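Below are the chains, spelled out letter by letter.
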Amino acid sequence: MTMTSSGSSVARRRNRRPKGPARLLAVQCALRMDSEAKVRLAAGVMRSLRLGRDPLPWSELEQSRWLRRTLTATGAADGVVTAQLLDGVLFAQSPARPDRRSAADWALRMASGGCMAAGDLSLRLTALCLAAHTDASAGRGCAELERIARECGLVTAELIAVLDRLATCLIGWHVVSSSGDLHWELLPEASVSADKRSMWHQGETGEQRKNSHFTLDGIDLPLE
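A. Spatial organisation of the overall build of the chain. When you go through the chain residue by residue, the secondary structure sums to 10 helices and nine strands. Looking at the chain as a whole, 46% of its 224 residues are labelled buried. In the chain, once contacts between residues fewer than 6 apart in sequence are set aside, the share between residues at least 24 apart is 63%. Here the chain has roughly 11000 Å² of accessible surface; of this, 51% comes from carbon and sulfur atoms.

The following block contains the structure:
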């Protein structure tokens with residue numbers, strides 16, 4: 001069977017879509033980049049992400065034209081990887097804010113400890129995404145099912161399967177068929193404390209901070 005050129009293009013885009021490990025890496029890069037969109041990731045960060053010196057996540061982000069490595073771990077004596085981020089959308093997410101590094105540390109802890117220490121990085125990315133969208137005071141969250149799936153680099157059927165495997169993090173979850181919204185409740189130990197959640201907020205109007213979240217959208221959209 002011959003595939004049409006448009007079908008071939010779609011297939012190539014799907015094949016290039018970064019998976020869980022690359023997206024966990026992208027979160028760290030986006031939060032740790034400097035005002036020139038350059039990032040320097042130490043070997044310890046890579047170990048915490050359980051990526052070590054695996055080149056595949058970096059390659060996936062490079063193939064998506066999201067970043068360009070300027071120094072690889074194998075080329076650095078201390079195992080540091082440096083890269084230039086190429087996506088201008090990230091500058092809309094307040095890259096110079098001093099609490100971005102704190103948010104990166106929070107994301108690293110959330111993705112590597114407790115119920116999120118699963119070996120499957122897609123589970124860890126989904127758990128991190130849910131935590132970032134959770135109301136800290138109630139331990140509950142709500143978002144469009146397709147949005148969460150997109151941010152995790154999954155199709156909806158794959159996300160449903162992952163949610164079924166997150167019993168160690170979730171009290172429960174369900175999808176409202178009429179709206180397509182996903183509702184969930186995290187176990188108390190998986191919930192994000194209010195002071196840490198504030199690190200994911202961005203933007204200010206005078207002295208009032210907008211109630212919007214630093215989500216994975218700025219990372220996800222250029223990768224689709």
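Still more ground to cover, so stick around.
B. Region of interest: the state of the cysteines. With the rule as written, the count across this model stands at zero disulfides. In this model C152 remains outside any disulfide bridge; the closest cysteine sulfur is found in C129, 4.1 Å from its own. Of the residues examined, C152 reaches a relative accessible area of 3% and is grouped as buried.

C. Highlighting the confidence of the model for the chain. Residues of the chain with pLDDT of at least 70 account for 69%, and the chain-wide mean is 74. In this model, residues 1-15 is a region of pLDDT below 50 whose contacts with residues beyond four sequence positions or in other chains number three contacts. Counted against residues more than four places away or in other chains, residues 192-224, with its pLDDT under 50, gives 95 contacts.

D. Quick peek at the sheet that holds strand β2 (residues 67-71). Sheet architecture is open: three strands sit in the order β1-β3-β2, paired in antiparallel fashion. Lying at the two open borders of the sheet, with one neighbouring strand each, are β1 (38-41) and β2. The average undirected angle you get between the axes of adjacent strands in this sheet is 30 degrees. Bridge analysis of β1 against strand β3 (residues 81-85) gives four bridges, and the strand direction is antiparallel. By the bridge assignment for β3, V39 is matched with A83. Where helix α2 (residues 20-32) meets the sheet, it contacts β1, β2 and β3, and its direction lies at approximately 120 degrees from that of β1. Running over the sheet, helix α4 (residues 56-63) touches β1, β2 and β3 and is turned about 130 degrees from β2.

E. Structural view of the sheet that holds strand β4 (residues 134-135). Here four strands make up an open sheet; going across it, the order is β4-β5-β7-β6 and the pairing antiparallel. Strands at the two margins of the open sheet, each flanked by one partner only, are β4 and β6 (170-176). Both strand β5 (residues 140-144) and strand β7 (residues 181-186) contribute to a ladder of five bridges, which runs antiparallel. Counterpart to E144 in the pairing with β7 is D181. Here helix α8 (residues 156-164) sits on the sheet and contacts β6 and β7; the angle it forms with β6, its principal contact strand, is near 155 degrees.

F. Broad picture of the pairing of β6. In this structure, β6 lies alongside β7, joined through six bridges in antiparallel fashion. Bridging from a neighbouring strand, V176 pairs with D181 of β7. With antiparallel pairing between neighbouring strands as the criterion, β6 and β7 make up a hairpin whose turn holds four residues, including G180 at a positive phi of roughly 80 degrees.

G. How the structure looks around the packing of α2 against helix α6 (residues 121-132). The interhelical angle for the contact between α2 and α6, taken along N-to-C directions, is 40 degrees, at an axis separation of 8 Å. Taken together, the axes of α2 and α6 lie oblique to each other. Seen from above, α2 lies across α6 with left-handed handedness. Residues G20, P21, R23 and L24 of α2 lie in contact with α6, whose contacting residues are L121, S122, R124, L125 and L128. Along the lines of polarity and charge, the residues of the contact of α2 with α6 split into five nonpolar, two polar and two charged.

H. View of α6. Under the 1.5 Å per step criterion, the end-to-end length of α6 is 16 Å for 12 residues, consistent within 8% with the ideal 16 Å. Judged by how many residues are buried, α6 sits mostly within the fold: 11 of 12 residues are covered. Within α6 the residues assigned to the buried category are L121, L123, R124, L125, T126, A127, L128, C129, L130, A131 and A132.

I. View of the pattern of salt bridges. Per the counting criterion, the structure on display carries five salt bridges. R32 is the salt-bridge partner of D105, the closest N and O atoms lying 2.9 Å from each other. With D105 in helix α5 (residues 100-112) and R32 in helix α2, the pair connects residues that are 73 residues apart, well separated along the chain. Residue classification places D105 among the partly exposed residues on the basis of a relative accessible area of 30%. In this structure, the salt-bridge partner of E36 is K38, at a minimum N-O distance of 3.6 Å. Residue class for K38 comes out partly exposed when judged on its relative accessible area of 41%.

The rules behind the values
- Residues numbered from 1 in each chain as written.
- Predicted model: local features only at pLDDT ≥ 70, side-chain atom pairs only at ≥ 80, totals over all residues.
- Heavy atoms only, no water.
- Helix = DSSP H or I, 4+ residues; strand = E, 2+ residues; numbered from the N terminus.
- Buried < 20%, exposed > 50% of the residue type's maximum accessible area, 1.4 Å probe, protein only.
- Contact = heavy atoms within 4.5 Å.
- Areas by Shrake-Rupley, 256 points an atom, 1.4 Å probe, with all protein chains shown as cover.
- Disulfide = S-S within 2.5 Å.
- pLDDT = per-residue confidence, 0-100.
- Pairing = 2+ DSSP bridges.
- Axes fitted to C-alpha atoms, helices over the stretch in contact; angles between N-to-C directions.
- Parallel < 35°, antiparallel > 145°, perpendicular 65-115°, else oblique.
- Left-handed = near helix turned anticlockwise from the far one by under 90°.
- Nonpolar A, V, L, I, M, F, W, Y, C, P; charged D, E, K, R; others polar.
- Expected span 1.5 Å × (residues − 1).
- Salt bridge = Lys/Arg side-chain N within 4 Å of Asp/Glu carboxyl O.

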